[in-house]
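The residues making up each chain are set out below.
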Amino acid sequence: MPISSAVVLAAGEGARLRPLTKHRPKPMLPAATKPILEHVFDALVDADITEITVVVGYGRTHVQSHFGSTYRGASIDYVVQDKQLGSGHALLEAEPEVSGPQLVLNGDQLVEQRLIEDVHEAHDSDSIATLGLVRDGDIANYGGVIFEDDENISEIVERPHDDRSYHLNAGVYAFESEIFDYLRGPEPQFNEYSLVDGIANAIAADETVRGVTSDGFWYDATYPWDLLEVTETLLGNTDGVESTVSTDAQIHESATIVEPVVISTDCVIGPGSVVGPNVALGENVTVGANAVVENSVVDADTRIGANATLIDGVTGHGVQIGAGSTMVGGPGDVRVGDRIHENERLGAVLADRVRDGGGVTYAPGTVVGSDAVITAGTAVSGTVDDETEVQ
Amino acid sequence: MCGIVGYVGTSNGVDAVDVVLDGLSSLEYRGYDSAGLAVPTPSVRVHKTEGELSALENTVPRDELEGALTGIGHTRWSTHGPPSDVNAHPHRDEADRVAVVHNGIIENYQRLRDDLVDAGVTFQSETDTEVVPQLIGRYLDRGAAPEEAFRLAIDQLEGSYAIAAVFDGSETVYAARQDSPLVVGLGETGTYLASDVPAFVEHTDRVCYLEDGDFVRLTADDAVVTDAEGNSVDRPIETVAWDPEDAEKSGYDHYMLKEIHEQPKALRQCLRGRIDDLDGAVDLEDLADLDHEGPVQFVACGTSYHAALFGAERLREAGVRAQAFLASEYASDRVPIDDETLVVGVTQSGETADTLRALREAARAGATTLAVTNTVASSAARECDHTLYIRAGPEIGVAATKTFASQQLALALLAFTLGDGPTREELEALRDIPGQVRTVLETTDARAIAEEYVDADAYFFIGRGYHYPVALEGALKMKEITYRHAEGFAAGELKHGPLALVTEDTPVFAVVTGDDETARKTIGNVKEVEARDAPVVAITDGESDVTRYADHVLEIPAVGDLGGSVLANVQLQLVAYWVANLLGRSIDKPRNLAKSVTVE
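Cut-offs and rules
- Residues numbered from 1 in each chain as written.
- Chains lettered and ligands numbered in written order.
- Predicted model: local features only at pLDDT ≥ 70, side-chain atom pairs only at ≥ 80, totals over all residues.
- Helix = DSSP H or I, 4+ residues; strand = E, 2+ residues; numbered from the N terminus.
- Rg over C-alpha atoms; globule rule 2.2 N^0.38 Å.
- Buried ≥ 20, exposed ≤ 12 C-beta atoms within 10 Å, placed from the backbone.
- Contact = placed C-beta atoms within 7 Å.
- Pairing = 2+ DSSP bridges.
- Axes fitted to C-alpha atoms, helices over the stretch in contact; angles between N-to-C directions.
- Parallel < 35°, antiparallel > 145°, perpendicular 65-115°, else oblique.
- Left-handed = near helix turned anticlockwise from the far one by under 90°.
- Nonpolar A, V, L, I, M, F, W, Y, C, P; charged D, E, K, R; others polar.
- Domains from an automatic or database assignment.
- Right-handed = clockwise from strand over helix to strand, strands pointing away.
- UniProt positions renumbered as here; feature names shortened; annotations may be inferred.
- Core = buried A, V, L, I, M, F, W, Y, C linked by C-beta atoms within 7 Å.
- pLDDT = per-residue confidence, 0-100.

In the nomenclature of an unreviewed UniProt entry, chain A corresponds to Bifunctional protein GlmU from the organism Natrinema hispanicum.

Below is the structure:
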């Protein structure tokens, strides 16, 4: 019997994407203009999944209010994980709500329908679990599996650091309901129940855990600037996102749109402005007269002032970029926590509701926290904390 | 103030009891102190019970009724006779040949009842409705066929009604409408009937709205509409765009909280296509034919009245003579109306009896009428000369939340259309509101305030100008869902009496935005309250120094009067919600209240 239901794990914040995740969880950050989670749902619906259970937690009202109780004909049920005790714990929270075999996915990673279908087809009830695998990738930062006979998985390791030959665990699973017993025991590590530990428990108990390699698209946005690359990839991929301008958007006749772009509903594009290529404008964004926006992800309700320049920019909700402000574009060095990421292609990240008074210059790699206020004429660089005022 | 449903299915259709129970559950917002259903074949069987719908679901013997093709159902909100099993609908005649459900009030029921009692009929209930099946029974006694008996009985009635009846052994539903809403749904596997579309929207989106005086005969594959004389009437078939998902809670504990969080989306829908930013104008396509110069009068009830007060003030600011009236007082107030007047009825459901009555009075006096409503093809929309839709989407919680915000915005748009157009800044302010509501939802401390004051003796709300209706609305929300004493006052009125009620156990919520003369006067009133040791909760954008006199602050973005009133109200909705939640109240279905009040 083909699996028709899926559990999507979307309870985590995604701390490395701060300050963009100050108010909403990573699954709700935009890839092009749609939330990452919406791309995941699209892939599931295209793979004929009709019942979706979403485990929500951090910022859950954003998820619930965006999707409601159905998505493209599939029913959506919500399960709340109050404490972030790991991916295995998140799945356990869904146990009372589901029955029979399930597909399980992360709600904060982009997966192509093909990857889901490959797992779907490869799984049969003789195996307790089937894992979707990708041959290449940044295995050291994700999960690896030893997949010797191209059928069964003999070992699963989180962030492996030895030089054995691993396949990347793409985070797309098919599980029989017996998996829940292995998720519960034997002992949680660091007080977290991880999905990988649960699978390792099953392997240790001689259960059959299968793998299937796929060349389906898989992408994870780890840091804020990754949203730019994800958007460019989606806009450049025939299976990604089509270049579109909403019929509800108002575009001045003298504005220039350089495709590919996504211009959402209620946007206003002023006279003489140039928008694109590789630009995603969320709902109700204004691009002022003669402004230039290139290779940027601009989230809903953001106002870009007249004559402003935005290259390689990422904005959150309701950002106000004043007249004549300039984001010259990457590459630049970006500080995240204690680590410096060198030469990243990033103009600047302006988190939710950053306001600049106009004539502000952003050095490449600048990260401005939510609700920060930047006085007109200032030059900004480095990291600006939430709710600070820059003069 | 009740909900009715009916269904006749094809032999491969859905189980009639399922359709009726699901339909009633979608109509629960219309009233819920008792519920019941009837199936007519092989013989009339009625199941009904006091209490919520779940009580009915538990008493219906599903196995006995399995395979039923036809059924009618009812949720009741008492107007005549207390809620009880016997007073619940459906009602029957003495010989169990007919079962009837009814929404509305039969004004001449006492006389009809007396006549029937004189003729030897024994009544089971205290309801006005029971006269209908008993009358039908009398006509059946005299040899009338079911449809004829139904028509003869309806012909005797005065008042408002949507009535549906089923007859022993017949897979047909008969229905009639006068001043109470009734809509027919035409599906693949049967024909539906209900007070409101959500009752069957999961089965079909092809609907046909009945008009006053219409009769309809439902069979599995057809609905034949006729007038009182039996002449066939053509009612257009429309397609409704309601998504059944909107009627589910999507992970929220209550519809009310869900609907509070839906406000950014609802407000975007309200504004969509109505602001021409490049030309700097408001463009209301709904009102393209409305060219009005004269005075404007608003009529409305409850929350919609508060929106109307706000709208009237917006219009006055735009240079239009405008006033707001309580719809239920409009006729008795002898408000002067002439053919220069535009009378605007604000009603979420479009079925509010008091508002419809006031609009009819106005139309009779020669005024032009405009309905501002959320419900497409509702009675208000069909009866008025013009309609402005607020586009909030379905609202299930009895306490209005998102529809109030959408009414505020729609009325602001109306003011810019009838009066002075908007400045660039005002247009931008309008476009910013949906996102700012999201900001309030992300950052609110309303829950902590609720925890602090859940045990207060009373709650007072004060505001001036645009914030006066917000104060009234804040108090109404608090009353409706917490059952606690709450009052809203114009801030300046406090010292003219209500200040005597203020103690250290009565928190005062003060709405203050900006730092103009109005704000400073309200701050003066806040000081009066503070001097009486009452805790002060300021809902403010932080522009003024009101925070110095407040014990707590509920912050909103600094956006001016227009947006400020919308945002401040969202904070007060959340305070009321969390107080009610902490008190364990029935938030979506508060006692004694119904969503759409279709009786006067």
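**A short note on the overall build of chain B**
Helices and strands together make up the secondary structure of chain B, namely 18 helices and 26 strands. Relative to its length of 600 residues, chain B is compact, with a C-alpha radius of gyration of 25 Å against a globular reference of 25 Å. The principal-axis extents of the C-alpha atoms in chain B amount to approximately 80 × 50 × 45 Å. The buried share among the 600 residues of chain B stands at 58%. For chain B, long-range pairs separated by at least 24 residues make up 72% of all intrachain contacts whose partners lie at least 6 apart in sequence.

**A few points about the overall build of chain A**
Each helix and strand in chain A was counted, giving seven helices and 39 strands. Its C-alpha atoms give chain A a radius of gyration of 22 Å, near enough to 21 Å, the size a compact globule of 391 residues would have. Once the C-alpha set of chain A is aligned to its principal axes, its extents read approximately 65 × 45 × 35 Å.

**Overview of the sheet that holds strand 8 (residues 173–178) of chain B**
Residues and elements named next belong to chain B. Taking strand neighbours across the sheet as the criterion, the six strands line up as 5-6-7-8-12-13 in an open arrangement whose pairing is antiparallel. Edge positions in the sheet fall to strand 5 (91–92) and strand 13 (222–226), since each of these pairs with one other strand and no more. Summarising the sheet, strand 6 (residues 98–106) and strand 7 (residues 159–167) pair through nine bridges and their orientation is antiparallel. From the neighbouring strand, isoleucine 106 faces strand 7, where its bridge partner is glycine 159. Across the sheet, helix 5 (residues 131–141) is in contact with strand 5, strand 6 and strand 7; its angle to strand 6 comes to roughly 130 degrees.

**Observations regarding the packing of helix 5 of chain B against helix 6 (residues 146–155) of chain B**
Residue and element names in this part refer to chain B. Here helix 5 crosses helix 6 at 130 degrees, and the two axes come no closer than 8 Å. Taken together, helix 5 and helix 6 sit at an angle that is classed as oblique. Pair helix 5 / helix 6 crosses with right-handed handedness. On helix 6, the residues touching Val132, Leu135, Ile136, Tyr139 and Leu140 of helix 5 are Glu148, Ala149, Phe150, Leu152 and Ala153. Within the contact of helix 5 with helix 6, the residues separate by chemical class into nine nonpolar, no polar and one charged.

**Topic: the domain arrangement of chain B**
Looking at chain B, the domain boundaries give domain 1 (3–246), domain 2 (248–440) and domain 3 (444–600). On a C-alpha basis, the centres of domain 1 of chain B and domain 3 of chain B stand 43 Å from each other.

**What about the sheet that holds strand 23 (residues 486–490) of chain B?**
Residues and elements named next belong to chain B. Spatially, 23-22-24-25-26 is the arrangement adopted by the five strands of the open sheet, whose pairing is parallel. A strand with exactly one partner marks an edge of an open sheet, and here the two such strands are strand 23 and strand 26 (552–555). Each strand of the sheet is rotated relative to its neighbour by a mean of 20 degrees, with strand direction disregarded. Pairing between strand 24 (residues 508–512) and strand 25 (residues 536–540): five bridges, direction parallel. For valine 508, the partnering residue across the bridge sits in strand 25 and is valine 536.

**Quick notes on the pairing of strand 18 (residues 322–326) of chain B**
Residues and elements named next belong to chain B. Direction of pairing for strand 17 (residues 296–300) relative to strand 18: parallel, over a ladder of five bridges. Its bridge partner lying in strand 18, alanine 300 is registered against leucine 326. A crossover links strand 17 with its parallel partner strand 18, the connecting element being helix 9 (residues 302–317), and its sense is right-handed.

**Some details on the interface of chain B and chain A**
In this assembly, 22 residues from chain B lie in contact with 23 residues from chain A. Take the side of chain B that touches chain A: its biggest share by element is eight residues, from helix 14 (residues 424–443) of chain B. Of the residues belonging to the side of chain B that touches chain A, the class tally is four nonpolar, six polar and 12 charged.

**A closer look at the pairing of strand 1 (residues 5–10) of chain A**
All names here are of chain A. When you tally the buried positions in strand 1, you get six out of six residues, the bulk of the element. Summarising the sheet, strand 1 and strand 7 (residues 102–106) pair through four bridges and their orientation is parallel. Bridged to valine 7 within strand 7 is valine 104.

**Re the UniProt feature "domain: Mannose-1-phosphate guanyltransferase C-terminal" (unreviewed entry) in chain A**
The feature "domain: Mannose-1-phosphate guanyltransferase C-terminal" (unreviewed entry), as given by UniProt, occupies residues 257–381 of chain A in the numbering adopted here. Summarising residues 257–381 of chain A: 0% helix, 44% strand, and an end-to-end C-alpha distance of 30 Å.

**Points about unusual backbone geometry**
Most peptide bonds take the trans configuration, and most residues that are not glycine carry a negative phi. Residue proline 19 of chain A is bonded to the preceding arginine 18 of chain A through a cis peptide linkage, with omega at 5 degrees. Within the fold, proline 19 of chain A resides in the loop between strand 1 and strand 2 (30–31). Residue proline 90 of chain B is bonded to the preceding histidine 89 of chain B through a cis peptide linkage, with omega at -5 degrees. Here proline 90 of chain B is to be found in the loop between strand 4 (70–76) and strand 5.

**Let's talk about the domain arrangement of chain A**
Residues and elements named next belong to chain A. Annotation of chain A at the domain level lists domain 1 (5–220) and domain 2 (243–390). On the side of domain 2, 16 residues touch domain 1, which itself brings eight residues to the contact. Residue classes in the side of domain 1 that touches domain 2 are distributed as four nonpolar, two polar and two charged.

**Some thoughts on the nonpolar core**
In terms of nonpolar packing, the biggest core is built from 125 residues, with Ala300, Leu409, Ala510 and Ile539 of chain B touching the most fellow members. Take this core: its biggest share by element is 13 residues, from helix 18 (residues 560–583) of chain B. Split by domain, this core shows at least three residues from each of two domains, domain 2 (248–440) and domain 3 (444–600) of chain B. Each residue touching isoleucine 539 of chain B, except ones within four places of it in the same chain, is listed here: Phe509, Ala510, Val511, Leu554, Ile556, Ala568, Gln571 and Leu572 of chain B. Formed by 123 residues, the second largest nonpolar core is a distinct cluster that contains Tyr142, Leu195, Ala348 and Ala351 of chain A.

**As for the confidence of the model for chain B**
Summary statistics for chain B give a mean pLDDT of 90 and a share of 96% for residues scoring 70 or more. Prediction confidence for the complex, expressed as pTM and ipTM, is 0.80 and 0.88 respectively.

**Observations regarding helix 3 (residues 87–94) of chain A**
In terms of burial, helix 3 of chain A is largely enclosed, as eight of its eight residues are buried. Buried residues belonging to helix 3 of chain A abut strand 1, strand 4 (51–56), strand 6 (74–80), strand 7, helix 5 (179–184) and helix 6 (195–204) of chain A.

**A few points about the packing of helix 4 (residues 109–118) of chain B against helix 5 of chain B**
Residue and element names in this part refer to chain B. At their nearest, the axes of helix 4 and helix 5 sit 10 Å apart, and the two run at 45 degrees to each other. If you check the angle between helix 4 and helix 5, you find them oblique. Here the hand of the crossing between helix 4 and helix 5 comes out left-handed. In this structure, helix 4 uses Tyr109, Leu112, Arg113 and Leu116 to contact helix 5, whose residues at the interface are Val131, Gln134 and Leu135.

**With respect to the environment of asparagine 231 of chain B**
Position of asparagine 231 of chain B among the secondary structure elements: in the loop between strand 13 and strand 14 (238–239). Sequence separation of asparagine 231 of chain B and histidine 467 of chain B is 236 residues, and the distance between their C-alpha atoms is 53 Å.

**Things to note about the environment of glycine 12 of chain A**
Residue and element names in this part refer to chain A. Here glycine 12 lies in the loop between strand 1 and strand 2. Separated by 229 residues in sequence, glycine 12 and valine 241 place their C-alpha atoms 25 Å apart. Residues contacting glycine 12, with those up to four places away along its chain left out, are Pro25, Lys26, Tyr58, Gln84 and Asp108.

**Here's the deal with the environment of aspartate 266 of chain A**
Structurally, the position occupied by aspartate 266 of chain A is in the loop between strand 18 (261–263) and strand 19 (268–269). Note: C-alpha distance between aspartate 266 of chain A and aspartate 77 of chain A (189 residues apart in sequence) is 30 Å. In this structure, aspartate 266 of chain A is in contact with Asp248, Ala249, Glu283 and Asn284 of chain A together with Arg268 and Arg272 of chain B, ignoring residues within four places of it in sequence.

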